[in-house]
Amino acid sequence: MMARVRKIWMKNFFHTDEGWTFIEATFSIVLISVVFLGFSITLLNFREWMNRSWAIRCMDQYANDFMSHLDNLMQYGTNMGTNPNQYGLGSFWISITNFNQYPFEVLDSTLYSFSAKPTEGIFVAAGNSAPVPFDQDFPLDEWKYKHRFTIEDFHYEPFFELNRPPLFNQAMGQVYLTIRYERLGGLDFLSETFMDEYSIVKEYRIATFMKNHVDQPE
Amino acid sequence: MHRVKYCSRKIRSSGLRLAGSDDGGITFLEVLVTFIMIAVATVVVGHSLYFGNRMLDVDMHKQQALRIVQQELEYWIGRLYMGSPGDPSEFEMAPKMNYKSVILEKDTPPITVQLSRDQILPVMDPNTAAIAYWKVTVWAEWEEPDGQLFSREIGTEVSLTTYVSVPYSE
C-alpha cells in the first residue's frame, strides 16, 4: 500500500511530462526571488545615495554661484566691512568703485549689503534698495519639509597674516559661508519607504585681493 | 546489458529534467540562462550608476579644489601687486611642494588637498628690459577616499596659472 502511495506521490510531484516538476518550479521561484530582491536592494541603496548626492550638489551649486558673484564684485571692490547682525547671522557690506587713475575720476560707485536668513538664504541689497534673495530657489526643498537646508554661518572676516602691512590685510577680503543639510527621518509617504535621518555640513570660503582698495586715493 | 537499460530508464524517469522540453513550456535551463542574463544586466546597470555618481563626486571635489587654488593665487596676486624689489624674497618665490594642506571635506576619512607652487618667475618686457609681469602657477592634489584607481583616468589635480602685472619696475 505504502509503495503504491509513494509511487503516485512521486509521479505527481516529481515526475511528469506535462509541465515543470516541483523541484524545477521551486528552484525557479528561488532564483527569481533572489534576482528581484537583489535588484530592489540595489535600487533602494542607489536612491539613498542619489538623494545625498543631490543635497550636496544643491549646496555646492548655491554656494559656488554666490561665491562667483561675490568674487566678481570683489574684483572691483574698494572696501569691505561688517554690518550689525541681521536675522541672527553675520552681515557685511562691500563698496564697488570703477575709477580712472590718471586723472583720477570715479565712474561708478555702489554699496552692496549682504545678509542671510538661516532658512531663507542670502539677501543682497544694492545701494538703498530693499534686500532681495540672491537665489529665489533657496531653500531648495522640492519635497516640502523633508529636506531642510539651513545657513549656519555667514560672515566677513578680515584677513590677517603676521609681518604683512595692514593695507595688504585689508585688501584681502574673505567671506565664510556654512550650509547644513538635514533630511528628516521617518516614513516618506511619496515612496512609502522609511528614510533614515541624515545630515551634512559644508563650509565654503572665498578670499580675493581687492586691487582697487590699494589703488584708491587716500 | 539489462542493468544499463535499467539505469538509463531510471535516469529518464528521475525528477530533474534539464533540457529538451517537449510540451512547449519553459525548461529549467532556460530559466537558468534568463537568471544569468538578468543578473549580468543588473550588475552592469548598477556599476554604470555607481560609476556615474562617483564621477560627479570627483567632479565636485575638483570644483572645490579649484576654488582653493584660486584663493591661494589671489594671495600671491596681492603679494606681488603690493610688493617691492626684494619683497617677496627669492626664498618665498622658490618652488614649493605640498607646502599647505587644506581640508576639502570633513568626511571620514577627510579629503585633504595639498597645495604646491611653481617658481614665481618674472617675464621681461623686451622693449624696456623691465619686468612686465610675474608668472604664478599654483596647483592642488588630493586623494579620493576610495583610492586613485577609480579616478586615474581623469586625474585628481587642478592647476591655475596667472600673470600679475606690478605697479613698480626694477
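In what follows, the structure referred to is the one given above.
The rules behind the values
- Residues numbered from 1 in each chain as written.
- Chains lettered and ligands numbered in written order.
- Predicted model: local features only at pLDDT ≥ 70, side-chain atom pairs only at ≥ 80, totals over all residues.
- Heavy atoms only, no water.
- Helix = DSSP H or I, 4+ residues; strand = E, 2+ residues; numbered from the N terminus.
- Buried < 20%, exposed > 50% of the residue type's maximum accessible area, 1.4 Å probe, protein only.
- Contact = heavy atoms within 4.5 Å.
- Buried area = accessible area lost by both parts, 1.4 Å probe.
- Salt bridge = Lys/Arg side-chain N within 4 Å of Asp/Glu carboxyl O.
- Polar contact = N/O pair within 3.5 Å; in protein donor to acceptor, adjacent residues only side chain to side chain.
- Phe/Tyr/Trp six-rings, centres within 6.5 Å; stacked < 30°, edge-to-face > 60°.
- Lys NZ or Arg CZ within 6 Å of the ring centre and 35° of its normal.
- Axes fitted to C-alpha atoms, helices over the stretch in contact; angles between N-to-C directions.
- Parallel < 35°, antiparallel > 145°, perpendicular 65-115°, else oblique.
- Left-handed = near helix turned anticlockwise from the far one by under 90°.
- Nonpolar A, V, L, I, M, F, W, Y, C, P; charged D, E, K, R; others polar.

Got a minute to help me understand the overall build of chain B in this structure?
Across its full length, chain B carries three helices and five strands. From first element to last, N terminus to C terminus, chain B shows the α and β order α-α-α-β-β-β-β-β. For chain B, the residues scored as buried account for 33% of the 170 residues in total. Once local pairs closer than 6 in sequence are excluded, the contacts in chain B between residues at least 24 apart make up 55%.

Sorry if this is basic, but what is going on with the interface of chain B and chain A here?
How big an interface is tends to be reported as the loss of accessible area on association of its parts. Taken together, the contact pairs 37 residues of chain B with 43 residues of chain A. Roughly 3700 Å² of surface becomes buried between chain B and chain A when both sides are summed, with 61% attributable to carbon and sulfur atoms. Contact with chain A buries area across many residues of chain B, yet R67(B), Y81(B) and M82(B) alone supply 17% of it, more than any other trio. Inspection of the chain B/chain A interface yields one salt bridge. The salt bridge involving D87(B) is made with R164(A); its shortest N-O contact spans 4.0 Å. For the pair chain B and chain A, the number of links is nine residue pairs in polar contact (both at pLDDT 80 or more).

Got a minute to help me understand the packing of aromatic side chains in this structure?
This model, assessed by the stated rule, comprises 17 aromatic pairs over all chains. Between F159(A) and F168(A) the ring centres are 6.1 Å apart and the planes differ by 75°, which places this aromatic pair in the edge-to-face class. Among the residues examined, F159(A) registers a relative accessible area of 14% and is labelled buried. Counting every residue linked through ring pairs, the aromatic cluster contains Y62(A), F66(A), F92(A), F114(A), F134(A), F154(A) and Y156(A). The side chain of R117(B) reaches across the aromatic face of Y99(B), ending 5.5 Å from its centre.

Any chance you could explain the packing of helix α2 (residues 22-74) of chain A against helix α2 (residues 28-81) of chain B here in plain terms?
Helix packing geometry: the angle between the two helix axes and the distance between the axes. Contact geometry for α2(A) and α2(B): axes closest at 10 Å, N-to-C directions at 15°. Of the possible angle classes, the one that applies to α2(A) and α2(B) is roughly parallel. The element α2(A) and its partner α2(B) pack so that their crossing is left-handed. Counted by class, the contact of α2(A) with α2(B) contains 18 nonpolar, nine polar and seven charged residues.

Explanation requested: the environment of I120(B) in the structure shown.
Along the chain, I120(B) falls in the loop between β2 (111-117) and β3 (121-124). Each C-alpha atom, one on I120(B) and one on P109(B), is 34 Å from the other, the two residues being 11 residues apart in sequence.

Any chance you could explain unusual backbone geometry here in plain terms?
A negative phi holds for most residues other than glycine; trans holds for most peptide bonds. The amide bond that connects D87(B) to the next residue, P88(B), takes the cis arrangement and shows omega of 0°. You will see that N163(A), though not glycine, has its phi angle at about 70°, which is positive. Within the secondary structure, N163(A) is located in the loop between β6 (147-158) and α3 (166-171). Residue N163(A) is classed as exposed on the basis of its relative accessible area, which comes to 70%. Positive phi is not limited to glycine here, since A129(B) has a value of about 60°. Structurally, the position occupied by A129(B) is in the loop between β3 and β4 (131-142).

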